[in-house]
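Summary of structural features
As a plain string of letters, each chain reads:
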Amino acid sequence: MVDIEQINPRNEAALRAWWEVGHAATAYRPGKPWPLWEQSRVALPADNPERGITLLGAIDGREMVGAGLLTRTLRENLHAAMAFAFVRPDRTREGTGRRLADELEVVAAGDGRTTLQSEAYLPPGGAGVPEAFARAMGYDVASRESIKELATGDYLARRDALAAAVRADGYRVVTFDTVCPEEHLDSFGRLLGMLMSEVPLGELDLTTSEWTPERIRAAEQRQVATGRHVHTALAIAADGAVAGVSDVRVDDTDHEHAQVGITIVDPAHRGRRLGLALKLATHDLVLAAYPTLERVDTSNAEVNTHMNAVNEALGYRTIETLLELQKKL
Ligand SMILES: CC(C)(COP(=O)(O)OP(=O)(O)OC[C@H]1O[C@@H](n2cnc3c(N)ncnc32)[C@H](O)[C@@H]1OP(=O)(O)O)[C@@H](O)C(=O)NCCC(=O)NCCS
């Protein structure tokens, strides 16, 4: 008899059992599909006024065989939540995934959330169990993304030729680790506010957010407190405005993998190869700071032709297809 229970992320033994299930359920994926224990142990219990989380465990006697995760933003998109179900590979097809998905819906609805979103990871271009499961749970595909990975050797082989071709005339590139210089903060916030309307979201029902200096500073401090380094490059236009931003994130617990966070160039400044210039800056930065770095991951909508072209030029290769899923309750 399997029971579905809420897990307190501050109960470290229970959190570890939950983490183990997710780790086992995602082990079929390439790359680094699941956070290291040290990262989850710190990040999941941490207070975060930006997002609420609920963890569910599917418990059979004394063993956890399934894990559920519901995350919801608390500042905007109050209608939406993200739901994930993981079942230990030796215990699938017993109805546990369905029970987790149902319970996640109950929790989401209880919090007034009416749009559920999720993610299914598949071999490039392929189909698979996560998609079959999602469709059986009533989710539709809202957007298709590719998960890409860059081997640092591939980057180094291309870097000099690319740098020689990039002339961001009239712009200055400013870099920082996590904490934005005060003089750029307002303009940086204005650009961040554009993100949700400028990134291709397909059918995903999400709205924009407002990034005040206070909100940015609080987010930076949460990153610092959890040992996350957001290595950021800003393109500064002649009039001082932040025209573009890109970042690469590295955790203190893992100097071998990095992830691209956000990249956006203000529509008024596009077509000048600022996207490429910013990515070169951030990748150079992390390679210099972490000599052990092996890989950088990113993901983009398949329809995002410009970003995909930049990433391919840098040497990124597609390793998975990501389906962004959505269900309206
Ligand atoms: C996807 C996953 C959660 C399914 O867990 P599960 O406990 O096996 O799911 P259930 O037994 O409740 O199956 C529910 C329905 O999903 C579909 N489904 C599940 N596995 C399937 C498979 N191997 N082939 C085809 N359909 C499948 C079926 O419609 C099934 O209903 P049915 O058994 O009545 O036919 C599990 O395989 C897993 O953890 N995968 C890795 C993580 C992941 O991709 N999670 C989903 C995205 S968040």
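Quantities reported herein were computed from a predicted structural model and do not represent experimental measurements.

Some points on the domain arrangement of the protein
The assigned domain composition of the protein is domain 1 (2-113) and domain 2 (150-317). Each of domain 1 and domain 2 has a C-alpha centre, and these two points are 29 Å apart. Counting residues at the interface gives 14 residues for domain 1 and 14 residues for domain 2. For the pair domain 1 and domain 2, the summed buried area comes to about 1200 Å², and 49% of that belongs to carbon and sulfur atoms. If you look at where domain 1 meets domain 2, you find 4 salt bridges. Across the salt bridge formed by E50 and R215, the nearest N and O atoms sit 2.8 Å from each other. Taken together, the links from domain 1 to domain 2 amount to 6 residue pairs in polar contact (both at pLDDT 80 or more). If one sorts the elements of the side of domain 1 that touches domain 2 by residue count, helix 2 (residues 37-43) sits on top with 3 residues.

A few points about helix 7 (residues 213-225)
Helix length check: helix 7, at 13 residues, gives a terminal C-alpha distance of 18 Å against a target of 18 Å (1.5 Å per residue), a fit within 8%. As for helix 7, its buried residues are in contact with helix 6 (185-198). One or two residues past the end of helix 7 sits G227, with phi positive at roughly 75°.

Thoughts on empty space enclosed by the protein
Using a probe with the size of a water molecule, rolled over the atoms, empty space left in the structure can be pinpointed. Scanning all chains against the criterion turns up 1 cavity of 30 Å³ or more. Roughly 40 Å³ of volume is contained in the largest cavity. Among the residues forming the lining of the largest cavity, the class breakdown is 1 nonpolar, 3 polar and 5 charged.

Let's talk about the sheet that holds strand 4 (residues 80-87)
In spatial order, the strands read 1-2-3-4-5-12-6-11-10-9-8-7; together these 12 strands make up an open sheet with mixed pairing. Where the open sheet ends on each side, the last strands, each with one partner, are strand 1 (2-7) and strand 7 (172-177). Each neighbouring strand pair of the sheet contributes to a mean axis angle of 25°, computed without reference to strand direction. Note: strand 6 (residues 140-151) against strand 11 (residues 295-301), 7 bridges, orientation antiparallel. Its bridge partner being in strand 11, K148 is matched across the sheet by T298. With respect to the sheet, helix 1 (residues 12-25) is in contact with strand 1, strand 2 (51-60), strand 3 (63-73) and strand 4, its orientation differing from that of strand 3 by roughly 90°. Against the sheet, helix 9 (residues 305-314) touches strand 6, strand 10 (254-265) and strand 11, its axis set at about 160° to strand 11.

Considering the packing of helix 5 (residues 152-165) against helix 9
Running from N to C, helix 5 and helix 9 cross one another at 110°; their axes reach a closest spacing of 8 Å. With respect to each other, helix 5 and helix 9 are oriented roughly perpendicular. Within the contact between the two elements, helix 5 uses D154, Y155, R158 and L162 and helix 9 uses E312, A313 and L314.

Describing the packing of aromatic side chains
In this structure the tally under the stated criterion is 4 aromatic pairs. Between the aromatic rings of W18 and W34, the centroid separation amounts to 5.8 Å while the plane-to-plane angle is 35°, which identifies the pairing as tilted. One end of the pair, W18, is in helix 1; the other, W34, is in the loop between helix 1 and helix 2, and 16 residues separate them in sequence. Assigned by exposure class, W18 and W34 land together as buried. Measuring from ring centre to ring centre gives 6.2 Å for F176 and F188, while their planes differ by 80°; the resulting arrangement is edge-to-face. Note that F176 is positioned in strand 7 and F188 in helix 6, a separation of 12 residues in sequence. Within the aromatic cluster, the residues linked to one another by ring pairs are W18, W34 and F86. In this arrangement the basic side chain of R29 is found over the ring face of Y121, its NZ or CZ atom lying 3.5 Å from the centre. Directly above the ring of W211 sits R215, whose terminal nitrogen or CZ lies 4.0 Å from the centroid.

Examining the site of the ligand
If you check the shell around the ligand, you find 21 residues, and the closest are A85, V87, R93, G97 and R98. Between the ligand and A85, the relevant distance is 2.8 Å, taken from a nitrogen atom to a main-chain nitrogen or oxygen of the residue. A distance of 2.7 Å is found between an oxygen atom of the ligand and a backbone nitrogen or oxygen belonging to R98. For the ligand, whose free accessible area comes to 910 Å², the fraction covered by protein is 77%. Elements with a minimum of two residues in the shell around the ligand: strand 4, helix 3 (96-110), strand 5 (115-122) and helix 4 (129-136).

Cut-off values and rules
- Residues numbered from 1 in each chain as written.
- Predicted model: local features only at pLDDT ≥ 70, side-chain atom pairs only at ≥ 80, totals over all residues.
- Heavy atoms only, no water.
- Domains from an automatic or database assignment.
- Contact = heavy atoms within 4.5 Å.
- Buried area = accessible area lost by both parts, 1.4 Å probe.
- Salt bridge = Lys/Arg side-chain N within 4 Å of Asp/Glu carboxyl O.
- Polar contact = N/O pair within 3.5 Å; in protein donor to acceptor, adjacent residues only side chain to side chain.
- Helix = DSSP H or I, 4+ residues; strand = E, 2+ residues; numbered from the N terminus.
- Expected span 1.5 Å × (residues − 1).
- 1 Å grid on protein atoms, 1.4 Å probe; cavity = no way out; pocket = protein on both sides within 12 Å on 5 of 7 lines; lining within 4 Å.
- Points joined across faces, edges and corners; volume = space filled by probe spheres on them.
- Nonpolar A, V, L, I, M, F, W, Y, C, P; charged D, E, K, R; others polar.
- Pairing = 2+ DSSP bridges.
- Axes fitted to C-alpha atoms, helices over the stretch in contact; angles between N-to-C directions.
- Parallel < 35°, antiparallel > 145°, perpendicular 65-115°, else oblique.
- Phe/Tyr/Trp six-rings, centres within 6.5 Å; stacked < 30°, edge-to-face > 60°.
- Buried < 20%, exposed > 50% of the residue type's maximum accessible area, 1.4 Å probe, protein only.
- Lys NZ or Arg CZ within 6 Å of the ring centre and 35° of its normal.
- Near = heavy atom within 4 Å.
- Areas by Shrake-Rupley, 256 points an atom, 1.4 Å probe, with all protein chains shown as cover.

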